[in-house]
Amino acid sequence: MERFLLLEAGTSRPATTPLPAGTAVKASTDDTEGRFALTEHRGPGPLLPPHPPAGDEILYLLDGELTVEIDDITHHLTPGMCAFLPRGTARTIDLRPEAPVHALRLSIPAPAAGTDGRRPAHVLARGEVRRGRIPVPPAFAAKVRGTDTGGRLSLLEMTVAQQIPRHVHHLADEAVYVLTGELAVEFAGRRHLLSPGQFVLLPHGIPHALAPGSTPPPRVLQISSPGGWECFVEDFAEARTSVSTAGRLDPRELNRIAARHAITYEDPA
């Protein structure tokens, strides 16, 4: 439980090196046991280091405009767009000083040993998704799949329209950044109500629950590391008629599916 983090909008975790102006650390690799780091950038100035990093990078633009050149192809990013930049990708970022940006940057360290080969970069427009095995409800929009990152992380843009009952991720850390609305998070017997710009890190092994705290329901970015939570969503969508009856979940059927993804849901009874 010591790795649980809840950050107010605009606040930063301690940084081990000087940060560019307008940059806040939401989670460091120390916070996530080396799985990923998340920074938030507001204003003009450097968004990425001048040379390609050792690991993968993900950019999600919240406000403003920026131009990203990836392998000599120019992409114009507007709010709601997402760019995945695997390690080794040649890229440049053009920031306009007269139009400050608000963006999130996910950094995924490279594996300690071995190689995951050459993986393609991708840029998604607002509302666009990375397609998986089957179509899923639009409330679960995969922006970066586990297969994109060699299994290390996945990123989804989600609308939390229904209560997600108490459950445990036995392997994956879950992190959530609230985009719009309010999200209720239950953790260690306490209920937290998160508003836009707030961030929570939910370490693996600790029960937690999520629920909408506003109408319309909240829209969030959900990080899972290791990746693959989107595969559970696909399995759940495929078996929904057997898992849910009259709007109520059958814990036994739900856990039959969740067990394949190292997740356990509590039986409300």
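Scroll up to find the structure this text is about.
Reference entry: report on the structure contained in this document. The structure displayed is predicted, hence computed values, not measured ones. (Residues numbered from 1 in each chain as written. Predicted model: local features only at pLDDT ≥ 70, side-chain atom pairs only at ≥ 80, totals over all residues. Heavy atoms only, no water.)

What to know about the nonpolar core
Formally: Residues belong to a common nonpolar core when they are buried Ala, Val, Leu, Ile, Met, Phe, Trp, Tyr or Cys residues joined through side-chain atoms within 4.5 Å. Burial status follows relative accessibility: with a 1.4 Å probe on protein chains alone, a residue under 20% of its type maximum counts as buried, one over 50% as exposed, and anything between as partly exposed. Strands are runs of DSSP state E lasting at least two residues, helices are runs of H or I lasting at least four, and both sets are numbered from the N terminus onward. Residues are treated as being in contact if the distance between any of their heavy atoms lies within 4.5 Å.
Core analysis: the largest hydrophobic core is formed by 28 residues, its most contacted members being Leu183 and Phe232. Counting residues per element, the ones that place at least two in this core are strand 12 (154-159), strand 14 (173-180), strand 15 (183-187), strand 17 (199-202), helix 1 (229-238), helix 3 (251-258) and strand 22 (263-265). With four residues, the top contributor of residues to this core is helix 1. Among all residues touching Phe232, those that are not within four sequence positions of it are Leu254, Ile257, Ala258, His261, Ile263 and Tyr265. Counting residues in hydrophobic clusters, the runner-up holds 22 residues, among them Ala27, Cys82, Val144 and Leu201.

Some details on the pattern of salt bridges
When charged atoms on two side chains of opposite charge get close, those side chains can pair. To keep it simple, the criterion reads: Any carboxyl oxygen of Asp or Glu that lies within 4 Å of a side-chain nitrogen of Lys or Arg is treated as forming a salt bridge with it.
Overall, the coordinates contain 20 salt bridges when judged by the stated rule. Measuring nitrogen to oxygen at the nearest pair gives 3.5 Å for the salt bridge that ties Glu40 to Lys26. With Glu40 in strand 3 (residues 37-43) and Lys26 in strand 2 (residues 23-27), this pair connects stretches of sequence that are 14 residues apart. Of the residues examined, Lys26 reaches a relative accessible area of 0% and is grouped as buried. Where Arg260 meets Asp235, a salt bridge forms, and the shortest distance between an N and an O atom there is 3.3 Å. On the criterion of sequence distance, the pair formed by Arg260 in the loop between helix 3 and strand 22 and Asp235 in helix 1 is long-range, its members being 25 residues apart. Residue classification places Arg260 among the exposed residues on the basis of a relative accessible area of 52%. Here the salt bridges share partners, and the residues they tie into one network are Arg3, Glu33, Arg35 and Asp173.

Points about the side chain of His41
What counts here: For this analysis, a polar contact is any N or O atom pair within 3.5 Å, provided that within protein one partner can donate a hydrogen and the other can accept it, and provided that sequence-adjacent residues contribute only side-chain to side-chain pairs.
Position of His41 relative to the elements: it lies in strand 3. The exposure class of His41 is buried, given its relative accessible area of 3%. Among the polar contacts made by the side chain of His41, one reaches the side chain of Thr23 at a distance of 3.2 Å.

Section: the sheet that holds strand 1 (residues 5-7)
Stated formally: The pairing criterion for strands is at least two bridges between them, as found by DSSP. Only the stretch in contact is used when a helix axis is fitted, and all axes are lines through C-alpha atoms; the angle between N-to-C directions ranges over 0 to 180 degrees.
Pairing in this open sheet of six strands is antiparallel, and the strands run 1-17-14-19-12-11 from one edge to the other. Edge positions in the open sheet fall to strand 1 and strand 11 (140-144), since each of these has one partner strand only. Averaged over all neighbouring strand pairs, the angle between strand axes comes to 20 degrees, with direction disregarded. Summarising the sheet, strand 11 and strand 12 pair through four bridges and their orientation is antiparallel. Paired with Ala142 across the bridge in strand 12 is Leu156. On the sheet, helix 1 packs against strand 11, strand 12 and strand 19 (219-225) and is oriented at approximately 50 degrees with respect to strand 12.

Keep in mind that these numbers describe shape and distance, not what the molecule does.
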